[in-house]
Amino acid sequence: QTIPVDDDKLFISAGYTVGCRMLQIAKDGDGKCEAKELWKATSLKPKFMNPIKRGDYVYGLDDGAFLMCIGLDNGKVKWRSKRGADYGHGQIIMVDDLLIVQSETGDVALVEADPKKFNELGRFTALPEGRTWNVPGLWGKRLILGNNKEAVCYELPTE
């Protein structure tokens, strides 16, 4: 999914070693649009998920290996999750300043969306069987999750 950045920039990304880019879109004198590549990086290669923008940063899962934060100014890595966090080809959604990460194996983790450091606040196994590539949904305080075998709904605490 392309992410608009400012009025004239687009962040694009893809897996399979492609990486990410920042494009600047401008009209020439004839009114035709032109795209200029501002930077290119292999730092974030999301395969099955859409990265999430918060402020001047993007959060995403890099090719099934790490959750990471990169700067939109140059694509450089601000942090990446620790080895063993095992998010796989999961999905993320953002709620306020928190990332809800649904791992490919069915765990759900709560991670701070802080560009200064990686901090997983907690995790639980939500879907113990199957492969979880579906995007989680949030309705009020209900977290809705599904995979190739089942769907579940969890009521989240509000404080």
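All of these numbers come straight from a predicted model, not from anything done at the bench.

1. Some remarks on the packing of aromatic side chains
All chains considered together, the criterion is met by five aromatic pairs. Measuring from centroid to centroid gives 4.6 Å for Phe-48 and Trp-133, while their planes differ by 35°, and the two rings are tilted. Taken together, the residues Phe-48 in the loop between strand S4 (33–41) and strand S5 (52–54) and Trp-133 in the loop between strand S12 (120–125) and strand S13 (137–139) connect sequence positions 85 residues apart. By relative accessible area, which is 36% here, Phe-48 ends up partly exposed. Taking 5.4 Å as the distance between ring centres and 55° as the angle between the ring planes, the aromatic pair formed by Trp-79 and Phe-118 counts as tilted. Separated by 39 residues along the polypeptide, Trp-79 in strand S8 (residues 77–80) and Phe-118 in the loop between strand S11 (107–112) and S12 bring together distant segments of the chain. Of the residues examined, Trp-79 reaches a relative accessible area of 6% and is grouped as buried. Against the face of Tyr-16 rests Lys-47, its NZ or CZ located 4.3 Å from the ring centre. Here Arg-80 stacks its cationic end above the ring of Phe-66, 5.4 Å away from the centre of that ring.

2. Section: the layout of surface pockets
Estimates place the volume of the largest pocket at around 410 Å³. Taken together, 19 residues line the largest pocket, and the ones lying closest to its centre are Leu-98, Ile-100, Leu-110, Leu-156 and Pro-157. Secondary-structure elements contributing two or more residues to the lining of the largest pocket are strand S10 (98–102), S11 and S12. When residues of the lining of the largest pocket are assigned to their parent elements, the largest contribution, four residues, is made by S12. For the lining of the largest pocket, a count of residues per class yields twelve nonpolar, three polar and four charged.

3. Quick word on the sheet that holds strand S2 (residues 9–14)
Strands sit in the order S1-S2-S3-S4 across an open sheet of four strands; the sheet is antiparallel. Both edges of this open sheet fall to strand S1 (3–5) and S4, since each of them pairs with a single strand only. Across the sheet, the axes of successive neighbouring strands diverge by a mean angle of 30°, strand direction being ignored. Taken together, the eight bridges between strand S3 (residues 19–27) and S4 define a ladder with antiparallel strand orientation. Across the sheet, Arg-21 pairs through a bridge with Lys-40, a residue of S4.

4. So, the sheet that holds strand S14 (residues 142–146)
One open sheet holds the three strands; their spatial order is S13-S14-S15, and the pairing between them is antiparallel. Among the strands making up the open sheet, the edge pair consists of S13 and strand S15 (151–155). Going across the sheet, the axis of each strand differs from the next one's by a mean of 20°, ignoring polarity. Where S14 and S15 come together, five bridges link them in antiparallel fashion. Along S15, the bridge assignment pairs Gly-146 with Ala-151.

About the cut-offs
- Residues numbered from 1 in each chain as written.
- Predicted model: local features only at pLDDT ≥ 70, side-chain atom pairs only at ≥ 80, totals over all residues.
- Heavy atoms only, no water.
- Phe/Tyr/Trp six-rings, centres within 6.5 Å; stacked < 30°, edge-to-face > 60°.
- Helix = DSSP H or I, 4+ residues; strand = E, 2+ residues; numbered from the N terminus.
- Buried < 20%, exposed > 50% of the residue type's maximum accessible area, 1.4 Å probe, protein only.
- Lys NZ or Arg CZ within 6 Å of the ring centre and 35° of its normal.
- 1 Å grid on protein atoms, 1.4 Å probe; cavity = no way out; pocket = protein on both sides within 12 Å on 5 of 7 lines; lining within 4 Å.
- Points joined across faces, edges and corners; volume = space filled by probe spheres on them.
- Nonpolar A, V, L, I, M, F, W, Y, C, P; charged D, E, K, R; others polar.
- Pairing = 2+ DSSP bridges.
- Axes fitted to C-alpha atoms, helices over the stretch in contact; angles between N-to-C directions.

Functional significance is not addressed by these values, which are geometric in nature.
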